[in-house]
Amino acid sequence: MRHLMNVLDLSVQELDDLLELAGKIYDNPDEYKDVCYRKKLATCFYEPSTRTRLSFESAMLNLGGQVLGFSSADASSAAKGESVADTIRVISSYADICAMRHPKEGAPYVASVHSKIPVINAGDGGHNHPTQTLTDLMTINKLKGSFSGLTIGLCGDLKFGRTVHSLVEAMVRYPDVHFIMISPDELKIPDYLRKDILDRNLIDYREVGVLEDVMPELDILYMTRVQRERFFNEEDYIRLKDSFILDRKKMELARDDMLVLHPLPRVNEISTEIDNDPRAVYFKQAQFGVYVRMALIMTLLKEAGSI
Ligand code: CP
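Everything in this summary refers to the structure shown in the same document. (Residues numbered from 1 in each chain as written. Predicted model: local features only at pLDDT ≥ 70, side-chain atom pairs only at ≥ 80, totals over all residues. Heavy atoms only, no water.)

**Quick word on the overall build of the protein chain**
Line of reasoning, step 1. Counting secondary structure elements, the protein chain contains eleven helices and nine strands.
Line of reasoning, step 2. Since a compact globule built from 307 residues should have a radius of gyration of about 19 Å, the 19 Å found for the protein chain is in line with a globular shape.
Line of reasoning, step 3. Taken along the three principal axes of its C-alpha coordinates, the protein chain extends 55 × 45 × 40 Å.
Line of reasoning, step 4. Counting all 307 residues of the protein chain, 55% fall into the buried class.
Line of reasoning, step 5. Carbon and sulfur atoms form 48% of the exposed surface of the protein chain, whose accessible area is close to 13400 Å².
Line of reasoning, step 6. Taking the average place of the 37 positive charges on the side chains of the protein chain and the average place of its 46 negative ones, the gap between the two points comes to 5 Å. (Helix = DSSP H or I, 4+ residues; strand = E, 2+ residues; numbered from the N terminus. Rg over C-alpha atoms; globule rule 2.2 N^0.38 Å. Buried < 20%, exposed > 50% of the residue type's maximum accessible area, 1.4 Å probe, protein only. Areas by Shrake-Rupley, 256 points an atom, 1.4 Å probe, with all protein chains shown as cover. Lys, Arg positive; Asp, Glu negative; His and termini not counted. Charge placed at Lys NZ, Arg CZ, Asp CG, Glu CD.)

Rendered as structure tokens:
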């Protein structure tokens, strides 16, 4: 049984195939409207979500399938103490595929071990969020045409930001990619990413503290939210939450073809005054998430022999 826990579970070839399929679906969605007829997706979300859960559900409905699930731990028997292992054993006989979000790192992996259906990690704590990475990659690929030769600025909470970690790990597998890490000292990328991923792969990167200084160099600016829910201490959160705010003045420093991505939700790190700037593509990015999840559901169900 094939699951998706980490974007690195996919080889570069598999990733390219998935993005190609997502692009085909985007161009001709009607051709895929019955591919998952009568198949069911369970969305088991133990943590809040808007985009991931609803884009998964939209994806399955677009494929002609059906959806069931819960949107908080309180709305499931987890509130009575049921384990993830027992829950997925039961869900395996109710649905054909499951997308799971959980605040505990590794919980979707535990589910996959006990599952008879494909399990997709829809975000586990500060660990991984592979379908957000697929969404980010599809956005870059569609709007820039390639990953190679790009300079990508990653800005904000680079310590707890699981979307940043996954994106870096996925992109270092492509040639000639450059990163500029923009964060306060306390929210710099974790050591494992610096040593095991960037240094080991001889990736060109640098770490800076001022966004304005690097704006003219960037092909992509990937903004992130300072995540209140990942802090142990409210004082630290309040001190750091307004570290970087992207506004019209900073956008004036950027190239005409630079793109601003953000996994969303945003709080105040991107001023709404730039929402209508053609370079601000974060809502388009959320839309691409539906197509790439359609491609992923199709791929995993095909491998499972369900469709
Ligand atoms: N980007 C993302 O994971 O959004 P949600 O938390 O709304 O799913």
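**A short note on the packing of aromatic side chains**
Line of reasoning, step 1. Enumeration according to the criterion identifies five aromatic pairs in this entry.
Line of reasoning, step 2. When the ring of Tyr26 is compared with that of Tyr291, the centres are 5.0 Å apart and the planes differ by 85°; the resulting orientation is edge-to-face. Taken together, the residues span a long stretch of sequence, with Tyr26 in helix α1 (residues 12-27) and Tyr291 in helix α11 (residues 282-303) at a distance of 265 residues.
Line of reasoning, step 3. Residue class for Tyr26 comes out partly exposed when judged on its relative accessible area of 24%.
Line of reasoning, step 4. On the accessibility criterion, Tyr291 (14% relative accessible area) is buried.
Line of reasoning, step 5. Ring plane angle 55° and centroid distance 4.6 Å describe the contact between Phe147 and Tyr174, whose orientation is recorded as tilted. A residue pair is termed long-range when its members are at least 10 positions apart, and Phe147 in the loop between α5 (130-144) and β5 (151-155) and Tyr174 in the loop between α6 (162-171) and β6 (178-182) qualify at 27 residues.
Line of reasoning, step 6. A relative accessible area of 4% means that Phe147 is categorised as buried.
Line of reasoning, step 7. By relative accessible area, which is 11% here, Tyr174 ends up buried. (Phe/Tyr/Trp six-rings, centres within 6.5 Å; stacked < 30°, edge-to-face > 60°.)

**Here's the deal with a nonpolar patch on the surface**
Line of reasoning, step 1. There is a patch of nonpolar side chains on the surface, built from Leu68, Val90 and Tyr94 and spanning about 250 Å² of accessible area.
Line of reasoning, step 2. Overall, the relative accessible area of 47% leaves Tyr94 in the partly exposed class. (Patch = residues over 30% accessible without salt bridge, like charges linked within 9 Å, V, L, I, M, F, W, Y side chains within 5 Å. Salt bridge = Lys/Arg side-chain N within 4 Å of Asp/Glu carboxyl O.)

**Points about the packing of α1 against α11**
When two helices pack together, their arrangement is given by the angle between the helix axes and by the axis-to-axis distance.
Line of reasoning, step 1. Where α1 meets α11, the closest approach of the two axes is 8 Å, and the angle between their N-to-C directions is 115°. Between α1 and α11, the crossing angle belongs to the class labelled roughly perpendicular. Considering how the two elements wind past one another, α1 and α11 form a crossing that is right-handed. Contact with α1, carried on its side by Leu18, Leu19, Leu21, Ala22, Ile25 and Tyr26, involves Lys284, Phe288, Tyr291, Val292, Met294, Ala295, Leu296, Met298 and Thr299 of α11 and no other residues of that element.
Line of reasoning, step 2. Split into classes, the residues belonging to the contact of α1 with α11 amount to 13 nonpolar, one polar and one charged. (Axes fitted to C-alpha atoms, helices over the stretch in contact; angles between N-to-C directions. Parallel < 35°, antiparallel > 145°, perpendicular 65-115°, else oblique. Left-handed = near helix turned anticlockwise from the far one by under 90°. Contact = heavy atoms within 4.5 Å. Nonpolar A, V, L, I, M, F, W, Y, C, P; charged D, E, K, R; others polar.)

**Concerning helix α2 (residues 51-62)**
Helical periodicity: at 3.6 residues per turn, an α-helix aligns residues three or four positions apart in one direction.
Line of reasoning, step 1. An ideal rise of 1.5 Å per residue puts 16 Å on twelve residues; α2 measures up with 15 Å between its terminal C-alpha atoms.
Line of reasoning, step 2. Residues of α2 that are buried include every one of Thr52, Arg53, Ser55, Phe56, Glu57, Ala59 and Met60, and no others.
Line of reasoning, step 3. Residues of α2 that are buried in the fold lie against β1 (40-45), β2 (66-70), β3 (97-102), β4 (119-124), α5 and α11.
Line of reasoning, step 4. Looking one or two places after α2, you find Gly64, whose phi comes out positive at around 85°. (Expected span 1.5 Å × (residues − 1).)

**Observations concerning the nonpolar core**
Most often, soluble globular proteins have nonpolar side chains that are buried together.
Line of reasoning, step 1. Counting residues in hydrophobic clusters, the biggest one holds 61 residues, and the most contacted among them are Leu134, Leu154, Val168, Met171, Phe179 and Ile297.
Line of reasoning, step 2. No other element matches α11, which puts eleven residues into this core.
Line of reasoning, step 3. For Ile297, the contacting residues outside a window of four places in its chain are Cys36, Leu41, Phe56, Ala59, Met60, Leu63 and Ile97.
Line of reasoning, step 4. The next biggest cluster of nonpolar side chains, apart from the first, holds 21 residues, and it includes Val208, Val214, Leu246 and Met251. (Core = buried A, V, L, I, M, F, W, Y, C linked by side-chain atoms within 4.5 Å.)

**Overview of the site of the ligand**
Line of reasoning, step 1. In the neighbourhood of the ligand, the contacting residues comprise Ser49, Thr50, Arg51, Thr52, Arg101, His129, Gln132, Pro263 and Leu264.
Line of reasoning, step 2. At 2.6 Å from an oxygen atom of the ligand is found a side-chain nitrogen or oxygen belonging to Ser49.
Line of reasoning, step 3. Side-chain polar atom of Thr52 to an oxygen atom of the ligand: 2.6 Å apart, as the coordinates give it. (Near = heavy atom within 4 Å. Polar contact = N/O pair within 3.5 Å; in protein donor to acceptor, adjacent residues only side chain to side chain.)

**Observations regarding the packing of α5 against α11**
Line of reasoning, step 1. Where α5 meets α11, the closest approach of the two axes is 8 Å, and the angle between their N-to-C directions is 110°. What the angle tells us is that α5 and α11 run roughly perpendicular. When the axes of α5 and α11 are compared, the crossing they make is right-handed. Contact residues: α5 offers Thr131, Gln132, Leu134, Thr135, Asp136, Met138, Thr139, Lys142 and Leu143, while α11 offers Gln285, Phe288, Gly289, Tyr291, Val292, Arg293 and Leu296.
Line of reasoning, step 2. In terms of residue class, the contact of α5 with α11 is made up of seven nonpolar, six polar and three charged.

Remember that the coordinates give geometry; whether it matters functionally is a separate question.
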